[in-house]
Each structure stands twice: as structure tokens, then as C-alpha cells.
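What the coordinates show
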Amino acid sequence: MPELPEVEVVRAGLAPAVVGARIAQVTVADERALTRHAGDAASFEEALRGRAITAAARRGKFLWLPLEVTSNDGHGDLGEAIVGHLGMSGQLLLRAPGAATERHERVRIDIEHPVHGELALVFADQRTFGSLAIDHLVPSPDSAPGGWGTDAPATPSQVAHIARDPLDDAFSDARFSRTARAKGSAVKRVLLDQTVVSGIGNIYADEALWAARIHPETPASDLSARAVSRLLAEVRAVLLKALAEGGTSFDAQYVNVNGQAGYFAHSLNAYGGGGQPCPRCGRPIVREQFMNRSSHFCPHCQRLSR
DNA sequence: GGCCCGCCCTGATCGC
DNA sequence: TGCGATCAGGGCGGGC
């Protein structure tokens, strides 16, 4: 499942091929990929034709490709961007021009790069939770760059409510600690709340909580400032390690822009390990239902205090 | 406004 | 062999 490390691998892979490229042709094969787009498929295709891509940016699990500002896009100096979310199974692939249709292909964007020549940027998505849209950019309230891969202090309007992620230079540990500890809900729920901290999904939430020895159901308000700080350090550690290993792939659902899987699945300590021995204490990892998902944790190392 | 539930969707896998 | 049930889960609308 694409969480921050997987999305960053995609962004970094895309950047050299798309920044500076001009869009030649757009083909929407399945309109369900445009659920976040305000117009129809024809308007999406038409609005992008001829536009140049100026960056490949990311905040949390959202990606966006800012477009060269034109005098007539109606959005002032900030302009517009193609904003994408991979959902559960979305892939952005770079292919040779005219390459065969991908399985679950939803949108194809043919681009022309001044150095790399013609390329096809293909959005494929099995479970159709992912989407692409054209959105206008809005200023970042804190005036810092909107995310990784851009210097502009702006994000697409659809991303404005998303918190900064823990790898972002402008992320405030103190603010996160204050916000989290003001919440009475379970700490895992807070980690998954993209308006509090972004980029963390079910896998890395379980991994960071295991590493910090915190039970996922612990009310966030019960955590000391020191515990929150330890948790944040483990969140960063697990995200950076996964990033270094190219992300987590269980099956063909997550791949980089060349269609290759990541290696981090081999490094998981808790996630998916229901019944397996805890790598720290040897007692069995437990899997429980949580928020209509699964939580994996070690009941011995991660105690729920009463 | 905070918090939580349930829905969206498809394909792999499992059990009968 | 075939078929139905189950599971994966991020984001958001809506209800309390």
C-alpha cells in the first residue's frame, strides 16, 4: 500500500523525466480515475494539452505536478497542478511512447522532454481508490515550501488541509505533540489522521508503535511529551529506512515508476506478523480489528496501561 | 467542532 | 471446476 516512502519513491523517480516536459496528449481510459477532478474527462484532456510541468512535489501521500503558469488559467501567479493520490493500488509508470496498454490503465499522459524525448506517463490503478485531478494552487499558511520537490510555498487546494509529514523540514514536532496529546482517541488513530501528521498508513503506524513500545489503543492524551517524542523518532526512522529500501511491496500493488517492487517488506517487525514471534521478545504478535483494518502489535512489549 | 462509522472499489485467495 | 465469502485500506461524507 503506498504510504509516504512508496509515494516518495514514485515522486523521485518521476521528477527527472517530467520536470521541464511538455504535455502532448492526454487519454482518459476510465473516468473513475478523475473522481477528484471538477470537470469531465474531455475537460481534463483538453486543459492539459500543451502545458509544461515545472516540478514533481509531494506532501504525505499526495503528489502534484505544478504546471507552467499561463496568463489565461484564471488562477493568478500560483497557477494549477495535476494532483494525484495513489489510493491503495495506484501506480504512476514511465513507459516508452506507444507502449502497450497497462493492466488497469486509467489515464495516459504523453509528454515530450527536452532531454529525454517522448515518454508516456501512465496512471494504472486496480482498486480505483486513486485519482488524478487538475487543481489550483493555494498559498501555504506558514510560507514554507509546500512539500518535498518544490520551493514554492503552495499546495493544491485539495492538499491544503493535509498536515505536513514528519520528513518535511517545516514539520513542527512541538505542534504535533500539542495536537496529539490534546486528543482522547487512540494513538494509532491519531497517527493515521492526515490532518495531524501525514504520510503514515496502517503499515508504518504499526511498525512505529511497535518500535516505540506503545500499544495502539493507548489514548493519545495519556502519552507523556517524552513518549510522543520517542514515537515521532520511530516514525521517522521507519519511514527513512523504508525509503532507503525502495518502499514496501507485498504483491504487485506497489511498484516504482519502472514497475519494480521495493524490499522493505523483509524488514517489517510487527505488520502482517499475526501469530509470528515478536522479533524483540519472542512472544506472539497479535492481530486485532481496529478501525475496520488490522492492528499488529506485541501485547508483551506494548502494554496498555489501565 | 470533535469524534467515529461506513462506504467507495477490484482482484486474489480460500473453503466448500 | 466453480462459486460465493472474505480481505486488503485511504479519504471523506455524514451522523451523533
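Where an unreviewed UniProt entry is consulted, chain A appears under the name Formamidopyrimidine-DNA glycosylase, with the organism given as Microbacterium lacticum. The annotation that UniProt attaches to chain A under Sequence similarities (unreviewed entry) is "Belongs to the FPG family." The UniProt entry for chain A carries the following comment under Subunit (unreviewed entry): "Monomer."

In this section: the sheet that holds strand β4 (residues 80–85). One open sheet holds the 5 strands; their spatial order is β2-β3-β4-β8-β9, and the pairing between them is antiparallel. In this open sheet, the two edge strands, each paired with only one partner strand, are β2 (57–59) and β9 (154–156). Within the sheet, the average angular offset between the axes of one strand and its neighbour, ignoring direction, is 35°. The sheet contact formed by β2 and strand β3 (residues 62–66) spans 3 bridges and is antiparallel. Within β3, the residue paired with A57 across the bridge is W64. Strand contacts of helix α1 (residues 4–18): β2 and β3, with the helix running at about 165° to β2, the strand carrying the most contacts. Across the face of the sheet, helix α2 (residues 41–48) comes into contact with β4 and β8 (131–139) while running at roughly 60° to β8.

Okay, α2 next. Of the residues making up α2, those classed as buried are A41, F44, E45 and L48. Buried residues in α2, looked at end-on, bunch into an arc of 95°, giving them a common side. Buried residues in α2 make contact with β1 (22–28), β4, β6 (105–113) and β8. G50 sits one or two residues past α2 and shows a positive phi near 90°.

Counting buried positions along strand β5 (residues 90–95) yields 5 of 6 residues, so the element is predominantly enclosed. Inspection of the sheet shows β5 paired to strand β7 (residues 117–125) by 6 bridges, in the antiparallel sense. Bridged to Q91 within β7 is A124.

Turning our attention to the environment of L239. With respect to the element layout, L239 can be found in helix α6 (residues 225–244). The exposure class assigned to L239 is buried, which follows from its relative accessible area of 0%. Placed 42 residues apart in sequence, L239 and C281 show a C-alpha to C-alpha distance of 23 Å. Beyond its immediate chain neighbours, meaning those up to four positions away, L239 contacts L4, P5, P166, L167 and Y204.

Inspection of the region around DNA strand C gives 16 residues, with M88, F129, Y271, R287 and R293 positioned closest. Considering DNA strand C, the proportion of its atoms within 4 Å of the protein that are sugar or phosphate atoms stands at 64%. Within the side chain of H85, a nitrogen or oxygen atom sits 2.4 Å from a phosphate oxygen of DNA strand C. In this structure, a phosphate oxygen belonging to DNA strand C sits 3.2 Å away from a side-chain N or O atom of S294.

This brings us to the side chain of S198. Structurally, the position occupied by S198 is in the loop between α4 (187–192) and α5 (202–212). Relative accessible area serves as the criterion here: at 0%, S198 is assigned to the buried category. Here S198 is in contact with L4, R59, G60, I162, A163, R164, D165 and P166, once residues within four sequence places are set aside.

About the cut-offs
Residues numbered from 1 in each chain as written. Chains lettered and ligands numbered in written order. Predicted model: local features only at pLDDT ≥ 70, side-chain atom pairs only at ≥ 80, totals over all residues. Heavy atoms only, no water. UniProt positions renumbered as here; feature names shortened; annotations may be inferred. Pairing = 2+ DSSP bridges. Helix = DSSP H or I, 4+ residues; strand = E, 2+ residues; numbered from the N terminus. Axes fitted to C-alpha atoms, helices over the stretch in contact; angles between N-to-C directions. Contact = heavy atoms within 4.5 Å. Buried < 20%, exposed > 50% of the residue type's maximum accessible area, 1.4 Å probe, protein only. Arc of directions from axis to C-beta. Near = heavy atom within 4 Å. Polar contact = N/O pair within 3.5 Å; in protein donor to acceptor, adjacent residues only side chain to side chain.

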